[in-house]
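Structural overview
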Amino acid sequence: MNASRSVLGLVELSDSRNGGGYNSGASNVLRDVFQDRLRGWVRAKDQWRLLNNNRVCVILKDMTRGGELELAAAKLGRIFDEPHFHMGRALPLSVNAGFAEIKDCGRDISEAMEQATLALTQAKKSRRLFDVYSDDCTKGPRDERELISQLERALEMGELQLYYQPKVHAGYQSLLGAEALMRWHTPEKQVITPDRFIDVAERYDVIRPMTWWAIKTAVARLARWPTELSIAVNVSPKLLLENEILSVVQDALDIHGVAPKRLNLEVTESIMVDNQDTMLGQLARLREMGTRISIDDFGTGFSSLAYFRDLPVDEIKIDKSFVMHMLKSEKDLAIVKAVINLAHNFSLKVVAEGVEDQHIASALSELGCDVLQGYFFDKPLPVEQFNQNYRL
Ligand code: G
Ligand code: G
Ligand code: MN
């Protein structure tokens, strides 16, 4: 593993200050100022080239992985902090940058160029100074151990956040609550979704403190939301093999004085694969405490009709793979209908996930589905945004 790397950066001067553009005289001046200041930023060993009047491509050589890129980006910000004074007028300057690692050292930079463009777009969209492109193989942890220690640190440093995706009443489309979905905001200002870390976290036990954190955070949130709203937290089946979850849930509810029925725990069907008795026992205890239990991703695992008879649960969530295509695929529609009817016969509520448009929402409502969740209503949102959208 090489300790250093070359990074391609795109730096763009924004020219839309004060609502409009600069006049052409000023924009020529700015182009010169832009280049002058960039010269104060790059090091002798770096290469750079003007792509157009307000965009440059930079190749930063020998960047170590220990935060050197972030330091360089911070310096870029400082260099453009001061406005430029032209004929007695202050011209504000502002830049955005996108960075990407050059994997194929020195030869083909077109891929890095594309990735840096994506990062730049992302940075502009989110009004950040810079963004760094990442995917599973470039940036990010080299191996699982590294990911685990990063996750442990992330938890300690408060880098994990719960995003909230609304669950709405199928008939009235009114807000019933939300599913809490974890996001990791890294110091490099990336937002990493759980598909990149939950599996590994489960294998290495760090899932335990992460889940306890999620439960406590969700319950604390419930204490600040109207009492008719609920929050669902995803719980890995293996945590049902131990008693600890019982006290974590009970303590959180007691501390915040939250009614247990407002906390929903989502578990996948795999609870029925191993250690059935233990898991069912724990679910029953959680339910006796008053919390609600949902079976998540229903239909994708080893679904068995016996679930309807044996599982101490309140709600079934039909997996989005059936819901998303139910208006194009007769078979998916048949599955959705069957699950709704069967669940209702056992007095279980049915949630459809993956509701992406109005047609699917109406169809589900007509089929008697109880609760809807999906991009049609909202993506998982940071809590501030959720509160704002739903006036909480
Ligand atoms: O938005 P989405 O990409 O958020 O979630 C991807 C998957 O990660 C889902 O299957 C979801 O169940 C899982 N997930 C999200 N947040 C958590 C969490 O807090 N704990 C566990 N165990 N799984 C989660
Ligand atoms: O816990 P579960 O596996 O059900 O997690 C829900 C996952 O589904 C999350 O990754 C969430 O971001 C995603 N999701 C939620 N609504 C939609 C949707 O309408 N369409 C798609 N494609 N994914 C969705
Ligand atoms: Mn879920």
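Look above for the structure.
These notes cover the structure that comes with them. (Residues numbered from 1 in each chain as written. Chains lettered and ligands numbered in written order. Predicted model: local features only at pLDDT ≥ 70, side-chain atom pairs only at ≥ 80, totals over all residues. Heavy atoms only, no water.)

1. Things to note about the pattern of salt bridges
The following threshold applies: Salt bridges are identified by distance alone: a Lys or Arg side-chain nitrogen within 4 Å of an Asp or Glu carboxyl oxygen. The numbering of helices and of strands both runs from the N terminus, where a helix is a DSSP run of H or I of at least 4 residues and a strand a run of E of at least 2. Working definition: with a 1.4 Å probe on protein chains only, accessible area under 20% of the residue-type maximum means buried, over 50% means exposed, and in between means partly exposed.
Considering all chains together, one arrives at 22 salt bridges under this definition. Note that Glu353 is salt-bridged to Lys317, the shortest N-O span being 3.8 Å. Of the two residues, Glu353 is situated in the loop between strand S15 (349-352) and helix H12 (358-366) and Lys317 in strand S14 (residues 315-318); the sequence distance between them amounts to 36 residues. With a relative accessible area of 0%, Lys317 lands in the buried category. Ionic contacts of the salt-bridge type, sharing partners, join the residues Lys167, Glu179, Glu266, Glu315, Lys317 and Glu353 into one network.

2. Side note on the sheet that holds strand S6 (residues 95-102)
Going by this rule: Strands are treated as partners if at least two bridges between them are detected by DSSP. Helix axes are fitted only over the stretch in contact, all axes being lines through C-alpha atoms; the angle between N-to-C directions runs from 0 to 180 degrees. Contact between two residues is taken to exist if any of their heavy atoms lie within 4.5 Å; hydrogens are not considered.
Within the open sheet, the 5 strands sit side by side as S2-S3-S1-S6-S7. Their pairing is mixed. Among the strands making up the open sheet, the edge pair consists of strand S2 (47-52) and strand S7 (130-132). In this sheet, neighbouring strand axes are inclined to one another by 20 degrees on average, regardless of whether the strands run parallel or antiparallel. As defined by bridge partners, strand S1 (residues 4-13) adjoins S6 across 8 bridges and the pair is classed as antiparallel. Within S6, the position partnered with Leu13 by the bridge is Val95. Against the sheet, helix H2 (residues 68-79) touches S1, strand S3 (55-64), S6 and S7, its axis set at about 145 degrees to S3. Across the face of the sheet, helix H3 (residues 110-125) comes into contact with S1, S2, S3, S6 and S7 while running at roughly 145 degrees to S6.

3. What to know about the site of ligand 1
Cut-off, in case you're wondering: Near, as used in this document, describes a residue that has one of its heavy atoms within 4 Å of the molecule or strand being considered. We call two N or O atoms a polar contact when they sit within 3.5 Å, provided that within protein one can donate a hydrogen and the other can accept it, with sequence-adjacent residues counted only if both atoms are side-chain atoms. Two kinds of site are reported from a 1 Å grid over the protein atoms alone, namely cavities, where a 1.4 Å probe fits but cannot get out, and pockets, open sets with protein on both sides within 12 Å along at least five of seven lines, and residues are called lining when an atom falls within 4 Å of a point. Those molecules having more than half of their atoms within 2 Å of a cavity or pocket grid point set are described as sitting in that cavity or pocket. Residue classes follow a fixed rule: Ala, Val, Leu, Ile, Met, Phe, Trp, Tyr, Cys and Pro count as nonpolar, while Asp, Glu, Lys and Arg count as charged, and any other residue, Gly among them, counts as polar.
As a structural note, the neighbourhood of ligand 1 is formed by Leu181, Met182, Arg183, Pro194, Ile198, Asn234 and Ser236. One of the backbone N or O atoms of Met182 is found 3.0 Å from a nitrogen atom in ligand 1. Between Ser236 and ligand 1, the recorded distance is 3.2 Å, taken from a side-chain N or O atom to a nitrogen atom. Given that more than half its atoms are within 2 Å of the pocket grid, ligand 1 belongs to the largest pocket. Looking at the shell around ligand 1 residue by residue, the class counts come to 4 nonpolar, 2 polar and 1 charged.

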